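Coordinate analysis (summary)
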Amino acid sequence: MRIVLMGAPGSGKGTQAQRLVNQFGIPQISTGDILRKHRKEGTELGKRADAIMAKGLLVDDATMLDIIRDRVAQPDAQNGFILDGFPRTQTQAEALTKLMIDLGTPIDAVVLFEVGDGELVRRISGRRTCSLCNKVFNIHTAPPPSPATDCVPDSTEHQLFQRKDDEEATVAERLRVYARQTQPVLSYYSDAGLLRTVRAEGALEEITQRLRDVLAAKPSAPQARKKRAAKRRPAAKKTVKARSRTLVRRKAKTAKRRPAQKSAPKTAKKRAPVRKAKRPAARKARPVRGKSKRR
């Protein structure tokens, strides 16, 4: 199964992706992780990305698509994959669709993790990172253990700090940017009949079950109709254009073969109006004589 996960920062995509990995036995492909891997290993794609980032620019769509193409070609992704972190724009979504069709591995489903903005701000602003072991915790949902038996040796407590990206004001701005960029992508996948929504609030097991349910469900009737209509639309346009060209050619040929009609001379006599024959007057009905009574 080939799945694209979408959702705002803090919506829980990463946690649920790991559960899907265990269920389906397919890899999670995080574009950020594979980009860092290529750069670390010094591959041609990694060098290309380094040259772009050295100029202070974002890695272009073509490079990211080449990185994804390389990853999905690996043996562990032959039965499917879970794509996380891409696409972020409609242009990227269209390019990804074309790439997957060219590879013969079209996307099966796009899952949106839906969480209220207030809950997202609470989740992200609650993140804390340990400066000693670099582990990430959440003071609301996953606080660090005390004493810190999982930290570095000779340390009894985690030394927590909050990253700049996790501050409440920064989180609110990140969410606004996400909503502005992602809405066209959601509309694109909805029109394609691939979008499925999961309410990602509540207990972890409940969210996992909702995710399994939407992946097992068939596309709704409206989505299926849109999907079929999208496939028929290009062919229908071609048919209409072909018919229009045929009609134009036929009209042109008919006009060439048909002789020009001569207009009647002005001095032509007007035809006398056709007089209707008078019908003979109906005969008067004779009175019927009554029968004589026998006496």
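Check the entry above for the structure.
Because the structure is a prediction, the values reported are computed rather than measured.

**Describing the overall build of the protein**
Counting its secondary structure elements, the protein contains nine helices and eight strands. Residues counted as buried form 31% of the 295 residues belonging to the protein. Counted over contacts in the protein with a minimum sequence separation of 6, partners at least 24 positions apart contribute 67%.

**Re the packing of helix H3 (residues 44–54) against helix H4 (residues 61–72)**
In helix packing, the relevant descriptors are the interaxial angle and the interaxial distance, both defined with respect to the helix axes. Between H3 and H4, whose axes approach to 10 Å, the crossing angle comes to 155°. It follows from the interaxial angle that H3 and H4 lie roughly antiparallel. Crossing of H3 against H4: the hand is left-handed. Residue-level inspection shows Leu-45, Arg-48 and Ile-52 of H3 in contact with H4, the latter providing Ala-62, Thr-63, Asp-66, Ile-67 and Asp-70.

**Quick look at the state of the cysteines**
Taken as a whole, this structure holds zero disulfides when the rule is applied. The thiol of Cys-130 is not disulfide-bonded; the next cysteine sulfur, from Cys-133, is found 3.6 Å away.

**A short note on H4**
Over its twelve residues, H4 extends 16 Å from the first C-alpha to the last, a length consistent with the 16 Å expected when each residue adds 1.5 Å. Looking only at H4, the buried set comprises Thr-63, Met-64, Leu-65, Ile-67, Ile-68, Arg-71 and Val-72. Looking at the buried positions of H4, the neighbouring elements they touch are strand S2 (28–30), helix H2 (31–41), H3, strand S3 (81–84) and helix H5 (90–102). Where H4 begins, the capping side chain belongs to Asp-60, and its oxygen is found 3.3 Å from the backbone nitrogen of Ala-62.

**As for the packing of aromatic side chains**
Here the structure, examined in full by the defined rule, presents one aromatic pair. Consider the rings of Tyr-188 and Tyr-189, whose centres lie 5.2 Å apart with planes at 65°: the pair is edge-to-face. Judged by its relative accessible area of 1%, Tyr-189 is buried.

Rules behind the numbers
- All residue numbers refer to position in the chain's written sequence, counted from 1.
- In keeping with the predicted nature of the model, local features appear solely for residues at pLDDT of at least 70, side-chain atom pairs appear and are counted solely at 80 or more, and the whole-chain, interface and lining totals rest on all residues.
- With hydrogens and water stripped out, all remaining heavy atoms of the structure feed into the side-chain values.
- Helical segments are the DSSP runs of H or I of at least four residues, strand segments are the runs of E of at least two, and each set is numbered from the N terminus.
- When a residue's accessible area, from a 1.4 Å probe over protein chains only, is under 20% of the maximum for its type it is buried; when over 50% it is exposed; and in between it is partly exposed.
- We call two residues in contact when some of their heavy atoms are within 4.5 Å.
- The axes are straight lines fitted to the C-alpha atoms, using for helices just the contacting stretch, and the angles between their N-to-C directions are given from 0 to 180°.
- Here is the rule for angles: anything less than 35 degrees is roughly parallel, anything more than 145 is roughly antiparallel, 65 through 115 is roughly perpendicular, and the remaining ranges are oblique.
- Here a crossing is called left-handed whenever its near helix is offset anticlockwise from the far helix by less than a right angle, and right-handed whenever the offset is clockwise.
- Counting rule for disulfides: a pair of cysteine sulfur atoms within 2.5 Å.
- Expected span of a helix, by definition, is 1.5 Å for each gap between consecutive residues, and there is one gap fewer than residues.
- Within 3.5 Å is the distance limit for a polar contact, defined as a pair of N or O atoms, with the added protein rule that one can donate a hydrogen and the other accept it, and that residues adjacent in sequence qualify only through two side-chain atoms.
- Between 30 and 60 degrees the pair is tilted, below 30 it is stacked and above 60 it is edge-to-face, where a pair is any two Phe, Tyr or Trp rings, Trp via its six-membered ring, whose centres lie within 6.5 Å.

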